[in-house]
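Structural overview for review
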Amino acid sequence: MITAIDFGCYTIRSAYRTPSDPKHVTMITERSEYAVLSNQSSCRETVIERNIPFAECDDSTVVFGNHAGQVRWLSRKPCAALFADAAAPTDDAPARQILSVLTEAMLPGNVSETSECFFAAPRGRSSRENVMFLERLTRMHGFVPRYFNAGPSVILSSGSEYRFTGVAVVIGAETSEISVNRYGIEIAAATIEVGANWIDTELARQFQIQTWDESGRCYLDLESVREWKHNPRMHLRNSIGEREKTLARLYGAMLSQIARVTRELINSPAVESAIGNDRLAVVCAGGPTQVGGFTSTLTERFVEHETADRILSVSTADDPETAVVRGLLIQGELEERRLRPPARAA
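Just so it is clear, the structure is predicted and the values come from calculations on it, not from any experiment. (Residues numbered from 1 in each chain as written. Predicted model: local features only at pLDDT ≥ 70, side-chain atom pairs only at ≥ 80, totals over all residues. Heavy atoms only, no water.)

This part is about the pairing of strand S3 (residues 21-31). Pairing analysis gives eight bridges linking strand S2 (residues 11-18) to S3, with the strands arranged antiparallel. Bridging across to S3, Tyr-16 finds its partner in Thr-26. With antiparallel pairing between neighbouring strands as the criterion, S2 and S3 make up a hairpin whose turn holds two residues. (Pairing = 2+ DSSP bridges. Helix = DSSP H or I, 4+ residues; strand = E, 2+ residues; numbered from the N terminus.)

Here the focus is helix H10 (residues 323-339). For H10, built from 17 residues, the straight-helix expectation of 24 Å at 1.5 Å per residue is met to within 8% by its first-to-last C-alpha distance of 24 Å. Turning to H10, its buried residues number three or more, namely Ala-323, Val-324, Val-325, Gly-327, Leu-328, Leu-329, Gln-331, Gly-332 and Glu-335. (Expected span 1.5 Å × (residues − 1). Buried < 20%, exposed > 50% of the residue type's maximum accessible area, 1.4 Å probe, protein only.)

Applying the stated rule across the entire model yields zero disulfides. No disulfide involves Cys-117; its sulfur sits 17 Å from that of Cys-9, the nearest cysteine. (Disulfide = S-S within 2.5 Å.)

Right, let's talk about the pattern of salt bridges for a bit. In the structure shown here, the tally under the stated rule is 18 salt bridges. In this structure, Glu-202 engages Arg-205 in a salt bridge whose closest nitrogen and oxygen atoms are separated by 2.6 Å. Residue Glu-202 and its partner Arg-205 are both found in helix H5 (residues 196-206); the two are separated by three residues, about one turn of the helix. A salt bridge links Glu-300 to Arg-237; the nearest nitrogen and oxygen atoms lie 2.9 Å apart. Linking Glu-300 in helix H9 (residues 294-304) with Arg-237 in the loop between helix H6 (222-229) and helix H7 (242-266), this pair joins segments that are 63 residues apart in sequence. Given a relative accessible area of 33%, Glu-300 falls into the partly exposed group. Overlapping salt bridges, with partners in common, bring together Arg-31, Glu-33, Asp-200, Glu-223, Arg-226 and Lys-229 in one network. (Salt bridge = Lys/Arg side-chain N within 4 Å of Asp/Glu carboxyl O.)

Most of S2 sits out of view: seven of its eight residues are buried. When strand S1 (residues 2-7) meets S2, the two strands line up antiparallel, connected through five bridges. Paired with Phe-7 across the bridge in S2 is Ile-12. With antiparallel pairing between neighbouring strands as the criterion, S1 and S2 make up a hairpin whose turn holds three residues.

Attention now goes to the sheet that holds strand S4 (residues 33-38). With antiparallel pairing, the four strands of this open sheet are ordered in space as S5-S6-S4-S7. Looking along the sheet, the strands with just one partner apiece sit at the ends: strand S5 (55-57) and strand S7 (80-81). Where S4 meets S7, two bridges bridge the pair, whose relative direction is antiparallel. Paired with Glu-33 across the bridge in S7 is Ala-81. Helix H2 (residues 93-106) rests against S4, S5 and strand S6 (60-64) of the sheet, and its axis sits at about 40° to S6. (Contact = heavy atoms within 4.5 Å. Axes fitted to C-alpha atoms, helices over the stretch in contact; angles between N-to-C directions.)

This part is about the side chain of Lys-229. In this fold, Lys-229 is placed in helix H6. When near neighbours in sequence (up to four residues on either side) are disregarded, Lys-229 contacts Ala-196, Asp-200, Met-234 and Leu-247.

Moving on, we get to the environment of Val-131. With respect to the helices and strands, the residue Val-131 is situated in helix H3 (residues 127-140). Accessibility expressed as a relative area gives 14% for Val-131, which makes it buried. Not counting residues up to four positions away in its chain, the partners in contact with Val-131 are Phe-119, Ala-121 and Tyr-147.

Sheet strands pair by backbone hydrogen bonding; their relative direction is either parallel or antiparallel. The sheet built from five strands is open, its strands ordered S12-S11-S10-S15-S16 with mixed pairing. The open sheet has two free edges, formed respectively by strand S12 (185-192) and strand S16 (311-316), since each of these has just one partner strand. Pairwise comparison of adjacent strand axes, ignoring direction, gives a mean angle of 15° for this sheet. Here seven bridges tie strand S11 (residues 176-182) to S12, and the two strands are oriented antiparallel to one another. Residue Val-180 lies in a different strand from S12, and its bridge partner there is Ala-188.

What follows is the structure in structure tokens.
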């Protein structure tokens, strides 16, 4: 059985064929964070009364995954990320346990010894450690781990129109990945350590969007920034207020880095040897790409970096938040088909 998991710094997504109906794909999404509540009886009684799953850790009550958002009102302290700074929780025992529980819940049951899990991991300075950690985690739950980068997965799920050839731009919470592919095979790739969390943090800092916990400690209120930013009327090319203009400037700064790195990759010897001077389609994925005016803003940055003559088009993947996990599932099924022994004639 093939299962795909996209371990993201903001959300974790899994996908697999429904055992009872292989034509249907089961998809599960969980927030990759946890909330730490006071161990006061009132907090515990509240989560029990509302049937919210929780765990007890030292002198705290811990709620994780999608349920963490349900208890935000019980504590103004921000949720803690399972992949803090895009790194697996190797030194955080509670986070390790939570990630294991979430992963097990997102995997199908009744697996065989040959069941494989095709997964993508957070990239950045801890990429190798992340992959090794998640390989051990998936193997512990009975799956053979198979790691693949996010970029080729996006091209497989969203690049059929371009014969699975082009540039994938995947923007996550902590990092952004740029990948050049030919027929679904990655030729060159790079990661920049700037993602949506950098934008949210800068907005909260510049406009003093803050919250205070019970003890009076002050935190940047990133959740409020995200709720404001996800307004469907938000548009990078039609900013009105000062906060909207700042959002556009921050996006512009991030996309400028992406355009610069894309130019370097396209002009690299490996890409020139494989693709030559052919113009390439750019396919973008990840939650942050859904803001209005994203593709036109990125196109502007390609013009500024004198790369527009190598770009065929700039588009956002259909359902950009699930593009990676859908591509991982496709990759897994292609590998299974490739390794399957040919049927003998009767």
